[in-house]
Amino acid sequence: MGLFQDDFYSTKVTKRRRVFGRVRKAREIWPRSRSSRGLSTLQIATISSVISAFVAVLLFSMITGLPASGKAPHAVAALNSKQVDSAADPYERLVQAAAKVRPTVVSIVNYKDDKKDKSLEESALGSGVIFKKDKGQAFIITNNHVIEGAQELEAVTVNGEMKKAKLVGADKVNDIAILAVDDKNISEVAEMGDSRKLRLGETVLAIGNPLGLGDTLTSGIVSYTNRVVPVSLNQDGVYDWEQEVIQTDAAINEGNSGGALVDLNGKVIGINTMKIADTGVEGLGFAIPVDQVMKTVDELMTHGKIARPYIGIYSMDLNNSYAPLEEDQLKELKLPSGVKEGVVVLDAIGPAQEAGLRLNDVIVKFNDTPIPTTLEMKKFLYDKVKIGDTVKVTFYRDGKEQTTNVKLAEKPDQ
């Protein structure tokens, strides 16, 4: 059967004869003049070929959007070129991005003792990213926790050259540090991207020194662009700060800290900082967004530290689900029944002591802004006010609400 249930073509002889018979009968009914001859088979074939070619070019133009002119061969060539490009290695961009960034990622060796005979086995290892060269020096971004407690620091370049590094500045809160080395044989610096433009699912690379295996590359995607995770600045198990990070499933292991998280254009979009290591947990790595990193870097390069306001209070949360106060402790505070949240003063020094704050005072407000936890107190101090400002502190002492003014000083070096 044909396409439309019509026997428009058949190889059977009987049907061909029946068709020819119909043709002969038609000629008998409508006789033609002998002098009017029809087109020859060759002429008909030629005309059909021309019409078919025209229709084919017209359809090609409609489908591809390319001009249906005498430039059809060029259009076909362009189409073939696209097909070749689409058939190319889909991982080539990963290769090119890695090749661009690799020379700028170094391994950081933290010698925590001052022995003359130093060994890598007795040192802490991390990673860093060369971001600037100036006046014979190359500058490296890494994490503060990578260089913490160091007696001596070294940076190992991608070609294996070891360089003595000196600390330019560090910030514990943002977990960023800057090192300087001589720039001999260092020709490349990393190009910084824009972490604000990251998209969920975007392919990224992590480059660093995991477990001492320098120059290691892993890949994954952006699992979340701006995850907020709690951290313990003093590593005492009590969460006292929150860090906004990029979440990725690219493998990040011990030693990757301070290394580069890179997009497919070979631009650094984050500094790898941590992972969640627990039984049954995989693919949860985090990097500090490069836009936050560079704000910290600019101040560290200028001042060597981040200047923050300081109130001089050691505290604990009144309503802490991890370490709740016992009944007798709550009774000692003599708080009204409606006070459920606040910050209990354990010790007051510096500005707080000068303003009259003391043990067991329960702070509930700064400048009429509720302060339910120590974390919120730090956020207020770091984000809402500056050094030299005066803050009105509302607190409870022996069950009575009181206020005092505290003039904020610069946080001393720890």
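Remember, it's a predicted structure, so these values are computed and weren't measured experimentally.

K.L.:
What should I look at first to understand the overall build of the protein in this one?
P.N.:
Counting secondary structure elements, the protein contains nine helices and 20 strands. Out of the 414 residues belonging to the protein, those deemed buried represent 36%. Residue pairs at least 24 apart in sequence account for 61% of intrachain contacts in the protein once pairs closer than 6 positions are excluded. On the protein, roughly 25400 Å² of surface is accessible, and the fraction owed to carbon and sulfur atoms is 52%.

K.L.:
Please explain the side chain of Thr 273 as it appears in this structure.
P.N.:
Assignment of secondary structure puts Thr 273 in strand β11 (residues 268-275). What makes Thr 273 buried here is its relative accessible area of 6%. Side chain to side chain, Thr 273 and Asp 175 meet in a polar contact 3.0 Å long. Beyond its immediate sequence surroundings of up to four residues, Thr 273 is in contact with Asn 143, His 145, Asp 175, Val 245, Ser 257, Phe 286, Ala 287 and Ile 288.

K.L.:
Quick question: what am I supposed to make of a nonpolar patch on the surface here?
P.N.:
On the surface, Tyr 314, Leu 346 and Leu 359 cluster together into a nonpolar patch covering about 320 Å² of accessible area. Along the chain, Tyr 314 turns up in strand β14 (residues 313-317). For Tyr 314, a relative accessible area of 49% gives the class partly exposed.

K.L.:
I tried to follow unusual backbone geometry on my own but got confused; where do I start?
P.N.:
The phi torsion at Asn 185 lies on the positive side, around 65 degrees, for a residue other than glycine. Looking at where Asn 185 falls in the secondary structure, it is placed in the loop between β6 (176-182) and β7 (203-208). Positive phi outside glycine occurs at Asn 367, with the angle close to 50 degrees. You can see Asn 367 is positioned in the loop between β16 (362-366) and β17 (369-370). You can call Asn 367 partly exposed: its relative accessible area is 33%.

K.L.:
What is the right way to look at the nonpolar core in this model?
P.N.:
One finds Ile 311, Leu 357, Ile 363, Phe 366, Leu 381 and Val 393 to be the most contacted residues of the largest nonpolar core, which totals 29 residues. For this core, the secondary-structure elements that each account for two or more residues are β8 (216-231), β9 (241-248), β15 (343-348), β16, α9 (374-383) and β18 (390-397). Here this core takes five residues from α9, the largest share from any one element. Apart from residues lying up to four places away in sequence, Leu 357 is in contact with Ile 313, Ala 348, Ala 352, Ile 363, Val 393, Phe 395, Arg 397, Thr 404 and Val 406. Counting 24 residues, the second largest nonpolar core, distinct from the first, contains Val 105, Ile 271, Val 297 and Leu 300.

K.L.:
What exactly am I supposed to notice about the sheet that holds β6 here?
P.N.:
Within a sheet, neighbouring strands are paired by backbone hydrogen bonds and run either parallel or antiparallel to one another. In space, the six strands of this closed barrel follow the order β1-β2-β3-β6-β5-β4, with antiparallel pairing throughout. Ignoring strand direction, the axes of neighbouring strands in this sheet form an average angle of 40 degrees. Looking at chain direction, strand β2 (residues 124-134) and strand β3 (residues 137-142) are connected through five bridges and run antiparallel. Its bridge partner lying in β3, Val 129 is registered against Ile 141.

K.L.:
Whenever I open this one, the environment of Val 245 confuses me. Can you help?
P.N.:
You can see Val 245 is positioned in strand β9. On the accessibility criterion, Val 245 (0% relative accessible area) is buried. Taking the C-alpha atoms as reference, Val 245 lies 5.2 Å from Arg 227; in sequence the two are 18 residues apart. Apart from the residues within four sequence positions on either side, Val 245 is in contact with Tyr 224, Thr 225, Asn 226, Arg 227, Val 229, Thr 273, Met 274, Phe 286, Ala 287 and Pro 289.

K.L.:
Looking at this structure, I do not really get the confidence of the model for the protein. What am I missing?
P.N.:
Note that predicted coordinates carrying low pLDDT should not be read in detail. Counting all residues, the mean pLDDT for the protein is 82, and 74% of those residues have values of 70 or more. Confidence scores differ between elements of the protein, with helix α1 (residues 13-29) showing the lowest mean pLDDT of 39 and β3 the highest of 98. Confidence over residues 1-36 falls short of pLDDT 50; this stretch has six contacts with residues more than four positions distant or in other chains. Low pLDDT, under 50, characterises residues 75-87; the predicted model gives this stretch four contacts beyond four residues in sequence or across chains.

Conventions adopted
- Residues numbered from 1 in each chain as written.
- Predicted model: local features only at pLDDT ≥ 70, side-chain atom pairs only at ≥ 80, totals over all residues.
- Heavy atoms only, no water.
- Helix = DSSP H or I, 4+ residues; strand = E, 2+ residues; numbered from the N terminus.
- Buried < 20%, exposed > 50% of the residue type's maximum accessible area, 1.4 Å probe, protein only.
- Contact = heavy atoms within 4.5 Å.
- Areas by Shrake-Rupley, 256 points an atom, 1.4 Å probe, with all protein chains shown as cover.
- Polar contact = N/O pair within 3.5 Å; in protein donor to acceptor, adjacent residues only side chain to side chain.
- Patch = residues over 30% accessible without salt bridge, like charges linked within 9 Å, V, L, I, M, F, W, Y side chains within 5 Å.
- Salt bridge = Lys/Arg side-chain N within 4 Å of Asp/Glu carboxyl O.
- Core = buried A, V, L, I, M, F, W, Y, C linked by side-chain atoms within 4.5 Å.
- Pairing = 2+ DSSP bridges.
- Axes fitted to C-alpha atoms, helices over the stretch in contact; angles between N-to-C directions.
- pLDDT = per-residue confidence, 0-100.

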